[in-house]
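Single-letter residue listing:
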Amino acid sequence: MADEALVAAEEAAGAAGMPQLEFSTFPNQIFWLVVTLIVIYLILSRIALPRIGAVLAERQGTITNDIAAAEDLKRQASDAEEAYNKALADARAEAQEIIAETRAEIQAELAEATAHADAEIAAKVAESEARIGEIRAGAMQSVEEVARDTATALVAALSEGKADAAAVKDAVAERMQGGSQ
Amino acid sequence: MEGDIANMGQFIGAGLAAIGSGAAAIGVGHVAGNFLAGALRNPSAAAGQTATLFIGIAFAEALGIFAFLVALLLMFAV
Amino acid sequence: MATDSNTSGDTQTAQSGSGRVIAFGLISVAVVLFILGLMDDYESGLSIHPMDQFIIEPFFGDGPIHWYTVTNSTVWMGLAVLAITALMVLGTRGRAVIPSRVQSVAELAYGFVRKMVEDVAGKDALPYFPYIFTLFLFILFANFLGLIPGSFTSTSHIAVTAVMAGAVFLTVTILGFIKNGAGFLSLFWVSSAPLVLRPILAVIELISYFVRPVSHSIRLAGNVMAGHAVLKVFAGFAGALGVGAVAPIIGVIAIYGLEVLVSAIQAYVFTILTCVYLKDALHPHH
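Residues numbered from 1 in each chain as written. Chains lettered and ligands numbered in written order. Predicted model: local features only at pLDDT ≥ 70, side-chain atom pairs only at ≥ 80, totals over all residues. Heavy atoms only, no water.

S.K.: How should the overall build of chain A be read in this particular structure?
M.R.: Of regular secondary structure, chain A possesses three helices and zero strands. Secondary structure elements of chain A occur, N-terminal to C-terminal, as α-α-α. In chain A, which comprises 181 residues, the share counted as buried stands at 14%. As displayed, chain A offers around 13400 Å² of accessible surface, 61% of which is attributable to carbon and sulfur atoms. (Helix = DSSP H or I, 4+ residues; strand = E, 2+ residues; numbered from the N terminus. Buried < 20%, exposed > 50% of the residue type's maximum accessible area, 1.4 Å probe, protein only. Areas by Shrake-Rupley, 256 points an atom, 1.4 Å probe, with all protein chains shown as cover.)

S.K.: Sorry, what's going on with the nonpolar core here?
M.R.: Grouped burial of nonpolar side chains is what soluble globular proteins tend to show. Counting residues in each nonpolar core, the largest one holds 69 residues, and the members touching the most others are Met88(C), Phe133(C), Phe138(C), Met164(C) and Leu278(C). The set of elements that each furnish at least two residues to this core consists of helix H2 (26-159) of chain A, helix H3 (50-77) of chain B together with helix H2 (72-90), helix H3 (101-121), helix H4 (129-146), helix H5 (158-180), helix H6 (198-241) and helix H7 (246-282) of chain C. Excluding residues that lie within four positions of it along the chain, Phe138(C) makes contacts with Leu33(A), Thr36(A), Leu37(A), Ile40(A), Met77(C), Ile84(C), Thr155(C), Val160(C) and Met164(C). If you look at the next biggest cluster of nonpolar residues, it comprises seven residues, including Val31(C), Leu231(C), Ile255(C) and Tyr256(C). (Core = buried A, V, L, I, M, F, W, Y, C linked by side-chain atoms within 4.5 Å. Contact = heavy atoms within 4.5 Å.)

S.K.: So what exactly am I meant to see when it comes to the interface of chain C and chain B here?
M.R.: Interface size is commonly expressed as the accessible area that is lost once the parts come together. At the interface, 17 residues of chain C touch 13 residues of chain B. Carbon and sulfur atoms make up 84% of the surface buried where chain C meets chain B, a total of about 1300 Å² over both sides. Where chain C meets chain B, there are zero salt bridges. Our count for the contact surface shared by chain C and chain B stands at three residue pairs in polar contact (both at pLDDT 80 or more). With eight residues, H6(C) is the largest single contributor of residues to the side of chain C that touches chain B. Grouping the amino acids of the side of chain C that touches chain B by side-chain chemistry returns twelve nonpolar, four polar and one charged. (Buried area = accessible area lost by both parts, 1.4 Å probe. Salt bridge = Lys/Arg side-chain N within 4 Å of Asp/Glu carboxyl O. Polar contact = N/O pair within 3.5 Å; in protein donor to acceptor, adjacent residues only side chain to side chain. Nonpolar A, V, L, I, M, F, W, Y, C, P; charged D, E, K, R; others polar.)

S.K.: In this structure, what is going on with the interface of chain A and chain C? I would like to understand it.
M.R.: Contacts between chain A and chain C engage 34 residues on the former and 45 residues on the latter. Buried area between chain A and chain C, summed over both chains or domains, comes out near 3600 Å², and the portion from carbon and sulfur atoms is 75%. The three residues of chain A that bury the most area against chain C are Gln20(A), Gln29(A) and Arg51(A), which together make up 17% of that side's buried surface. A salt bridge links Glu107(C) to Arg59(A), with the shortest nitrogen-to-oxygen separation between them at 2.8 Å. Where chain A packs against chain C, one counts nine residue pairs in polar contact (both at pLDDT 80 or more). Counting residues per element, the side of chain A that touches chain C draws most heavily on H2(A), which supplies 26 residues. Split into classes, the residues belonging to the side of chain A that touches chain C amount to 22 nonpolar, nine polar and three charged.

S.K.: Got a minute to help me understand unusual backbone geometry in this structure?
M.R.: Most peptide bonds are trans, and most residues other than glycine sit at a negative phi. If you check the backbone angles, Arg95(C) has positive phi at about 50 degrees while not being a glycine. Here Arg95(C) lies in the loop between H2 and H3.

S.K.: Would you explain the pattern of salt bridges in this entry?
M.R.: Pairing between side chains becomes possible if they bear opposite charge and their charged atoms approach one another. With the rule as written, the count across this model stands at seven salt bridges over all chains. A salt bridge links Asp79(A) to Arg75(A); its shortest N-O distance comes to 3.9 Å. Of this pair, Asp79(A) and Arg75(A) both sit in helix H2, separated by four residues, roughly a single helical turn. Ionic pairing is found between Glu118(C) and Lys123(C), a salt bridge with its closest N-O pair at 2.6 Å.

S.K.: Is there a simple way to think about the packing of H4(C) against H7(C) in this case?
M.R.: Helix packing geometry: the angle between the two helix axes and the distance between the axes. Residues and elements named next belong to chain C. For the pair H4 and H7, the least separation of the axes is 9 Å and the interaxial angle reads 160 degrees. Taken together, the axes of H4 and H7 lie roughly antiparallel to each other. Every pair of crossing elements has a handedness; the one defined by H4 and H7 is right-handed. On H7, the residues touching Ile132, Leu135, Phe136, Ile139, Leu140, Asn143 and Phe144 of H4 are Val260, Ser263, Ala264, Gln266, Ala267, Tyr268, Phe270, Thr271, Thr274, Cys275 and Leu278. Split into classes, the residues belonging to the contact of H4 with H7 amount to 13 nonpolar, five polar and no charged. (Axes fitted to C-alpha atoms, helices over the stretch in contact; angles between N-to-C directions. Parallel < 35°, antiparallel > 145°, perpendicular 65-115°, else oblique. Left-handed = near helix turned anticlockwise from the far one by under 90°.)

S.K.: Would you mind going over a nonpolar patch on the surface with me for this structure?
M.R.: Together, Ile5(B), Met8(B), Ile12(B), Leu16(B) and Ile19(B) make up a nonpolar patch on the protein surface, roughly 540 Å² of accessible area in all. Note on placement: Met8(B) falls in helix H1 (residues 5-41). (Patch = residues over 30% accessible without salt bridge, like charges linked within 9 Å, V, L, I, M, F, W, Y side chains within 5 Å.)

S.K.: Would you mind showing me how to read H4(C) here?
M.R.: Under the 1.5 Å per step criterion, the end-to-end length of H4(C) is 25 Å for 18 residues, consistent within 8% with the ideal 26 Å. With respect to burial, H4(C) is a largely interior element, 16 of its 18 residues being buried. (Expected span 1.5 Å × (residues − 1).)

S.K.: Where do I start with the UniProt feature "transmembrane region" (unreviewed entry) in chain A in this structure?
M.R.: According to UniProt, the "transmembrane region" (unreviewed entry) feature falls on residues 30-49 of chain A. Secondary structure content for residues 30-49 of chain A is 100% helix and 0% strand, and the end C-alpha separation is 26 Å. (UniProt positions renumbered as here; feature names shortened; annotations may be inferred.)

S.K.: Sorry, what's going on with H2(A) here?
M.R.: Two residues of an α-helix separated by three or four positions point the same way, owing to the 3.6 residues in each turn. Its 134 residues give H2(A) an end-to-end C-alpha distance of 186 Å, which sits within 8% of 200 Å, the value for a rise of 1.5 Å per residue. Along its length, H2(A) reaches its greatest deviation from straightness, about 45 degrees, at Leu44(A). (Bend = angle between axes of the 7 residues up to and from the residue.)

S.K.: In this structure, what is going on with the packing of H4(C) against H5(C)? I would like to understand it.
M.R.: All names here are of chain C. Across the interface, H4 lies against H5 with an axial gap of 12 Å and an inter-helix angle of 165 degrees. Here H4 lies roughly antiparallel to H5, going by the angle between them. As for how H4 packs across H5, the hand of that crossing is left-handed. Where H4 approaches H5, its residues Leu135, Phe138 and Ile139 are matched on the opposing element by Val160, Met164 and Val168. A class-by-class count of the residues in the contact of H4 with H5 yields six nonpolar, no polar and no charged.

S.K.: In this structure, what is going on with the packing of aromatic side chains? I would like to understand it.
M.R.: Any two aromatic rings considered together are summarised by their centre-to-centre distance and by the angle between their planes. Counted under the stated rule, the structure contains 19 aromatic pairs over all chains. Ring centres 4.9 Å apart and planes at 85 degrees place the aromatic pair Phe31(A) and Trp67(C) in the edge-to-face group. Remark: Trp67(C) occurs in the loop between helix H1 (2-41) and H2 and Phe31(A) occurs in helix H2; the pair is interchain, linking two chains. For Phe31(A), a relative accessible area of 30% gives the class partly exposed. The interplanar angle of 85 degrees and the centroid separation of 5.0 Å between the aromatic rings of Phe54(B) and Tyr268(C) together place this pair among those described as edge-to-face. Highlighted residues: Phe54(B) in helix H3 and Tyr268(C) in helix H7, drawn from two different chains. By relative accessible area, Tyr268(C) is classed as buried at 13%. An aromatic cluster of three or more residues is present, and its members are Phe169(C), Phe177(C), Phe184(C), Phe188(C), Tyr209(C) and Phe210(C). One Lys or Arg, Arg114(C), reaches over the ring of Phe129(C) and ends 5.7 Å from the middle of that ring. (Phe/Tyr/Trp six-rings, centres within 6.5 Å; stacked < 30°, edge-to-face > 60°. Lys NZ or Arg CZ within 6 Å of the ring centre and 35° of its normal.)

If you want it as structure tokens, here you go:
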């Protein structure tokens with residue numbers, strides 16, 4: 001049987017040489033090729049292509065939705081960040097304000113206290129000065145009296161007469177003035 | 001192969017026809033080489049032209065295939 | 001904490017590493033099987049029949065091939081249908097918004113071809129997207145299944161590719177006349193050329209228009225056929241040399257890798273040329 005096939009094959013090969021040019025097989029090949037192509041076409045166009053097209057469209061839709069959702073979330077996040085930043089800035093401004101207020105208050109209190117103390121000090125200084133002036137005037141008067149008494153005594157002792165009280169007083173006053181100058 | 005002058009002619013003819021395959025090889029190399037030269041100058045345009053490259057190679061190669069076919073016909077069919 | 005992240009990283013590396021090992025192992029096994037199968041065929045020295053792999057035989061028993069006979073080509077076309085169903089229907093049955101691996105592959109193919117149609121042929125070509133996607137998936141899966149050692153590659157037959165290319169050609173031509181009427185003929189009348197040259201150009205354009213289905217079909221079949229024939233020739237060398245055939249085996253592995261690439265690229269090229277022709281039908285003015 002194998003020999004028979006071999007002989008048949010050799011005869012076929014001898015007849016045409018190239019199996020591609022064995023025209024007796026052409027109707028067979030063409031018939032089965034057409035059947036094959038029609039079957040593939042039906043499988044593709046009825047089942048495979050609509051399915052793949054639908055899957056691709058669905059995926060495209062999913063991707064678009066996801067991108068939109070991501071965009072939305074991103075926007076929300078940036079909104080939240082903005083609000084946070086705003087709140088932070090507000091708080092900071094408020095704190096600044098409070099600090100400034102407090103500082104001004106303290107400054108005012110301090111200034112008042114300083115002024116009060118200054119005034120007290122000034123009053124005390126004035127009082128002290130007045131007292132010092134009084135003391136000084138008192139002292140000067142005492143010095144003049146002592147000088148006059150001494151001068152009168154000296155004049156009386158030297159001239160053995162009664163000293164002219166008025167003249168002595170003038171002279172002493174004149175000297176005192178000159179001395180003080 | 002026993003002194004048949006017609007057979008000898010067949011084989012010589014087939015061998016001569018096979019030279020055409022070499023000519024087609026030159027043609028295909030020319031197409032691919034020029035494509036590469038152009039692609040290296042302007043790489044951004046190369047991707048869009050690969051289809052053209054293959055069409056050019058296909059046309060150049062078709063003639064080599066014709067030569068091959070003639071060789072086959074001489075060898076087996078005549 | 002640090003150990004945790006370390007272990008998870010290790011697991012990931014191990015996973016991707018084991019994936020690579022598995023892929024490499026599968027390819028190696030495939031190549032070895034391929035070569036073993038060939039060595040069985042070519043025990044009797046260097047007699048390589050690179051075209052024998054394309055012979056169409058009845059799948060069940062012997063006998064003449066009628067138009068309805070189930071052949072090896074038919075079986076592999078059916079397997080392509082099953083694989084496409086597994087990827088596009090079973091893989092997407094979860095309808096998950098976050099796709100599984102298989103579903104994301106299906107979506108990748110869908111998006112790839114859809115973008116190609118939209119970019120090359122324009123937005124008004126989108127109604128024809130299912131037809132183009134059908135062609136793309138069939139060619140891709142037939143090419144890839146054909147790379148399994150011992151399998152049969154339906155797309156290596158000119159009858160198959162010619163039917164697809166002819167269908168594209170007829171559809172595009174009829175569509176061009178339906179959409180544009182006689183204006184479709186302006187495709188051949190290059191209005192940007194000097195008036196003297198236009199008749200000559202019209203003849204050239206007309207010829208190139210009718211060569212389109214020929215090159216469209218022969219490109220696919222020729223590429224696939226040439227790749228498989230070269231694989232077979234190298235494997236025949238390996239079979240002739242026996243156990244010490246290191247160089248042919250390395251050659252087979254390298255060409256196998258190239259063929260994987262070619263399978264994908266030819267499916268892509270067939271599809272994109274369909275889009276280009278469709279664009280000509282929808283917008284014939286240069």
